[in-house]
Structures are given as C-alpha cells and as structure tokens.
Amino acid sequence: MISPLLLNIALHGLEEAAGVRYRQTGRDAGMVEIGCPALTRYADDLVVCCHSRQQAEQVKARLAEWLEPRGLAFNEAKTRIVHLGDGFGFLGFDLRRYPSGKLLIKPGAMAIKRFRERLAKEFRALRGANVAAVLAKIVPITRGWVAYYRTVVSSRVFAALTGYLWKLTYKWACWSHPNKPKRWIVGRYYRKFNKFRNDRWVFGDPDTGACLPKPAWTEIVRHTLVKGGASPDDPALAGYWAQRRQKVKPALDSYTVRLLSRQDGRCSLCGENLLTPDQPPQTPQGWEHWFLWVTKKAVAADYLVHHDTPTAARSKRTHLVHATCSRSKQLPRLAGNTVMQQTT
C-alpha cells in the first residue's frame, strides 16, 4: 500500500506537465480542452491520448524532462506510441478503435490467457479433493475476475469462459470417479442448483446445494465517469461520493444484492460494513479477497441459501456475514484441500 501512495505523491502534477487542460466553466466544465492531450494514470501506469503522433512525441519529451529531476524515467521496453486503431493494453484491458469509429474496451488477451492458465492449474491441484473444496477455491477466483471486467465489453469472453469452466469441472469429475459412467457423473455434479435460473448444467455440491456461478450470468454494468477533479479525499465532495456509491450496483448476483440492501450493507453479526464504505475493490485480486472475506450464511440449518421465506423469524433468515464472524460456525477443515462434509 505504501508504494502506490508514494508514487501518487511523486507523480502529482504529471497532468500539467503533459499539457492537459480542463474547461473551468459552462456545461462542459471538467472536460478536456479541445486540442489538449488526455492523460489517465493508475499508480505508475499511464496512458496519454494525443491527436497526432507529433503531439505524442512532444508530450513524451516533456514528461521525460519532468520526471528526470525526480529520479524517474520511462521504461522504454514498455513505452510506445501507437495508433488507436491498432489498439493497446492498459491495466489488463485492451482498448481499440475499430473501422466503424467505435471505441471498444475488452478484457486483455494476456489477462484472459493468464486467468485460464490459473484455473487449469488450480483444478490440477484440486485432484483428490472433494467438491466442497473445489467450490471453496474456484468460486472466489472466478467471481473476482468477472467482477473486475463486468464494466466493459465482456459478454463473449464470459460466455467462452463458461464453456472452459464446464470442461475443467467435467474433467475434474471424471478424474475423481474413473470407474463411474459418464451419466452417473453428470447426474451427480450437474443439475439445476440455481433456483432462479432454468439451467440444469450447473456444477455444484449435491449435499449442500452450493454451486459454481457461470461467468455468462454476470450482468454488464457500464462504469460511470467521475467528474473531472473530484477526489474521494476532498471533504467538500463527501456528498457527491456518497450519492455515487449508492447508484453503483455491486458486482454481485441479484439475490446477494437484495440481502445486502435488507441488511443496510452491514454484517448481521458484528454490525460493520460488508463492502468497503469508500469504494468497491479495484482489482480482480481485490474482488477475490472480498468474496473470501464475506460469506452467505444461514443462521439455522433448515434455512439454507435461496430457501429463505419472508415469514421466517429474523434469526432464521439467510444473512450476509463476514467470514471471520462466522468462523465458529464453519465446517472443520482436514489436511490438504478436503473440506469435511456435513452428515445427517
């Protein structure tokens, strides 16, 4: 956490050095002035959008001169000037303007490749584990990655990942039961686990009802631009950021969002916020950690997830709680990747 903070302090003023100017008045206040470059920075990663190659070279020279007294310099191996029609990668995204004139932002090809390789590696490591351990490991990874990329053009990528995940789960199931026929394997691990979707090809645990959500189920929600110059650290803009957070839909399924709203965003055991009050996670790893930190927990065993009834007593309804708060109620873990199953 210290390194990005120090970089933000060291690189403060980078926009002015690049020649970025914003309109101060009128309806378009906060927008970049016509003819000026536009700079986007996240820690030490930055992109400058210019109107011509000549302007791009001039901006690069000015920034290099501005960085030199601070003991910083561009990494020439990672710094290049490209036409927007050729596209470029930034923070795991691929940005490209197509011949139709439309600019599309998609999950990066390298990011998709790394994610698929990680999933394959995790499933290989889970050979010999039971289905509860597979879900405990894979669900946060998948939901975290999908939550990060849900704001861009990701529908086709999510559909392709859904098919890839099905192959991995089926391969794992066949490896776990080499002497069982394929029909038995399908009947054991694939069924209509999600009560709100008419899909019987969902991988899950028949004993607990837990399942692996499909990436294709994720709703695409476009990112709302922040007003130019608005900082979360500005006390005068506390109302703006509070209103903005209320309008932003969390990257969760509709059932979890309803639970979150019903609980006013707080853990029903400790009363603390379930989501970070300032802003949601900003990376796939951040969302993965959140899904591990917060769990959907039924206080009474008879009222499991998706089986809540409006007439049930509050103490018997399904709640969202911190994983640490419900640790005493969690199933004990055995050695390795195996989770002990409940017995009746």
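Before reading on, note that the structure itself is shown above.
Residues numbered from 1 in each chain as written. Predicted model: local features only at pLDDT ≥ 70, side-chain atom pairs only at ≥ 80, totals over all residues. Heavy atoms only, no water.

Colleague: Describe the overall build of the protein, and please don't skip the residues or the numbers.
Modeller: Of regular secondary structure, the protein possesses 10 helices and nine strands. Counting every position in the protein, which comprises 344 residues, the buried fraction comes to 35%. Sequence separation of at least 24 residues holds for 53% of the intrachain contacts in the protein that already meet a minimum separation of 6. A total accessible area of about 21600 Å² is found for the protein, and carbon and sulfur atoms account for 54% of it. (Helix = DSSP H or I, 4+ residues; strand = E, 2+ residues; numbered from the N terminus. Buried < 20%, exposed > 50% of the residue type's maximum accessible area, 1.4 Å probe, protein only. Contact = heavy atoms within 4.5 Å. Areas by Shrake-Rupley, 256 points an atom, 1.4 Å probe, with all protein chains shown as cover.)

Colleague: Give a detailed account of the pattern of salt bridges, specifying residues and quantitative values.
Modeller: Under the counting rule described, the total for this entry stands at six salt bridges. Ionic pairing is found between Lys60 and Glu76, a salt bridge with its closest N-O pair at 3.3 Å. Of the two residues, Lys60 is situated in helix H3 (residues 53–67) and Glu76 in the loop between H3 and strand E3 (88–90); the sequence distance between them amounts to 16 residues. Taking the relative accessible area as the measure of exposure, Lys60 reaches 26% and is therefore partly exposed. In this structure, Asp207 engages Arg188 in a salt bridge whose closest nitrogen and oxygen atoms are separated by 3.8 Å. Placement of the pair is Asp207 in the loop between strand E7 (202–203) and helix H8 (238–247) and Arg188 in helix H7 (residues 182–189), with a sequence separation of 19 residues. Arg188 sits in the partly exposed class, given a relative accessible area of 29%. (Salt bridge = Lys/Arg side-chain N within 4 Å of Asp/Glu carboxyl O.)

Purely geometric numbers; function is a separate question.
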